[in-house]
Amino acid sequence: MASADPRTRTSRDGDPRARDRRVDVLVALGTAVVALGLLIGLPPLDALEPDGPALALRVPAPFTAAWTVLALGLLAQSAALLAARRAPRTVLVAVSALPVLVAALAPQSLDLFGLTALPVVVAVVLAALRVPLARLWPTLLVAGALVAAGSAVLSGALGQGVLQAVGAVGLPLLVTLLVRSRREVRAARTAEASAVFREQDALVDAAVSRERAAMARELHDIAAHHLSGIALMAAVIDRQIDSDPERAHEGARQVREQSTAVLDDLRRLVGLLREDVPAERAVETVAGIVDLVERARFRSDVRLDVLAGDHARGAQALADGVGPLAQLAAYRTVQEALANAALHAPSAPCTVTVDDRDPTRVVIRVENAPAAAPAAPTSPSGGNGLRGMRERADLVGASLQTGPTATGGWLVELALGREAPAAPAQAAAGGGVVA
């Protein structure tokens, strides 16, 4: 099994700079070996032709002055390639200028002078791979002129020098640019695919975060409302069990009803999360606030006021024109506000007002009086209820205001806009109160 230690990977893969140096040495060494091999091997191979020398090469004898100058020129060109990574343009000019010096010092090497174009080809390829063409073209022109000048010095024909410059500079440049463009296209496609994958991962993470926040809000609303009521009723039962057994039994039945409601809400939430289990209950609406207040009266003094406008009379439903998600947010806001009132202001009267008179919006208020008895200690990690209210309001574009009242109580006010104007009725304006 391969080790995951970074030090092991470093020792196995090697330092990138050391690897680059090894590549540079191999390129220079390979160029020198091929050039010197051709310099030494071409004349004997030509002489071995059974019908006589095919090329009729006129070259200086090995290890003579002219031959040595040509060999040293090839070695110098190959050695210059070692610096091609740091200064590719300078190396290209130097490698192209050395053949001019060789042609001046060893004019007898005409037939093998073309070997000096091999290091030039390698230098052109290395420079084209590492330098943009917009910055490289002046160097390419200088290199082509030097190659043509060196060949023209030996042959005396400018046309032959131009052909050698095209073969040593132009053709390698075209091939290298083609390879480089294909490599850039491949890199761009890889980067695009990576960007798409990162975007998909970000979208998935965002969706998961939103779902987790929604689940946290739903679980908090369910648990805070029912469990706070159970805790308060259990405290009342503890005080009444000896002095008023009948009321204590009634409180125990209410605790059971609240526990059953918790289980029902949790089963509904699980049904919404699982694909193979249908939801057992419909989504709550503003009309369900009436039943919510009725259940809350078992543990505290809660009053409900419904102010209905013309559009709420007759066949029109309460909060007509408000979307289902906004109605669920209103229901959960009232549920959380009642739970907070029972927790922080026990035995204080509380009023829930549903103002449905405005044809453009519905306003819901939950206001409790100052606490008549000290509240039970709360967890230091509280505050999730108000945060959940604000998140729900922001989600549906509603306006939420919370804060203390002038009398020392607490007010929660939620304003929901209607998706469509409420249908007008022929009756006169009026309001109703549900006590």
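This text follows the structure it describes.
Note that the coordinates shown come from a computational prediction; the quantities given were computed from them, not determined experimentally.

Quick notes on the overall build of the chain
For the chain, the helix and strand inventory stands at eleven helices and five strands. The proportion of buried residues among the 435 residues of the chain is 35%. Put simply, of all contacts in the chain between residues at least 6 apart along the chain, 74% involve residues at least 24 apart. Total accessible area on the chain stands at roughly 24,500 Å², and carbon and sulfur atoms take up 62% of it.

A short note on the side chain of Gln164
Turning to its location among the elements, Gln164 is positioned in helix H7 (residues 158-243). If near-sequence neighbours (up to four positions away) are discounted, Gln164 is found in contact with Phe113, Gly114, Thr116, Ala117, Val147 and Ser151.

Quick look at helix H5 (residues 117-130)
Its 14 residues give H5 an end-to-end C-alpha distance of 20 Å, which sits within 8% of 20 Å, the value for a rise of 1.5 Å per residue. All of the buried residues in H5 are Ala117, Pro119, Val120, Val122, Ala123, Val124, Leu126, Ala127 and Ala128.

Points about the nonpolar core
Considering soluble globular proteins, one finds that nonpolar side chains tend to be buried as a cluster. If you look at the biggest cluster of nonpolar residues, it comprises 30 residues, and the most contacted ones within it are Ile289, Val334, Leu338, Val352, Ile364, Val366 and Leu416. In terms of residue count, the dominant contributor to this core is helix H10 (residues 324-344) (seven residues). Excluding residues within four positions of it along the chain, Val352 makes contact with Ile289, Val293, Val302, Arg303, Leu304, Asp305, Val334, Leu338, Arg365 and Val366. Counting residues in hydrophobic clusters, the runner-up holds 25 residues, among them Ala123, Val147, Ala165 and Leu173.

Remarks on the pairing of strand E3 (residues 361-368)
Residues in a regular strand point their side chains to alternate faces of the sheet. In terms of strand pairing, strand E2 (residues 350-356) meets E3 through six bridges, oriented antiparallel. Along E3, the bridge assignment pairs Thr353 with Arg365. The hairpin turn running from E2 into E3, its antiparallel successor, is four residues long. Relative to strand E5 (residues 410-417), E3 runs antiparallel, the two being bridged by eight bridges. The partner of Val366 across the bridge, within E5, is Val412.

Comments concerning the pairing of strand E4 (residues 399-404)
In the sheet, E4 pairs with E5 via six bridges, with the strands oriented antiparallel. Each residue of the ladder has a partner; that of Gln401, found in E5, is Glu413. Remark: five residues form the turn of the hairpin made by E4 and E5, two consecutive strands paired antiparallel; Gly408 in that turn has positive phi of roughly 100°.

Rules and cut-offs
Numbering of residues starts from 1 in each chain and follows the order in which that chain's sequence is written. Residue-level local features of this predicted model are given only where pLDDT is at least 70; pairs of side-chain atoms are given and counted only at 80 or more, and the full residue set underlies all totals for whole chains, interfaces and linings. Hydrogens are left out, water is left out, and the side-chain values use all remaining heavy atoms of the structure. The numbering of helices and of strands both runs from the N terminus, where a helix is a DSSP run of H or I of at least 4 residues and a strand a run of E of at least 2. Exposed residues in this analysis have more than 50% of their type's maximum accessible area, buried residues have under 20%, and partly exposed residues fall in between, with area computed by a 1.4 Å probe over protein chains only. Contacts are assigned to residue pairs with any non-hydrogen atoms lying within 4.5 Å of each other. Surface exposure here means Shrake-Rupley accessible area, sampled with a 1.4 Å probe, where a residue is shielded only by the protein chains that are shown. Here, expected helix span is obtained from the residue count minus one, scaled by 1.5 Å. We define the nonpolar core as a collection of buried residues of types Ala, Val, Leu, Ile, Met, Phe, Trp, Tyr and Cys that are connected through side-chain atoms lying within 4.5 Å of one another. Two strands pair under a simple rule: DSSP has to find at least two bridges between them.

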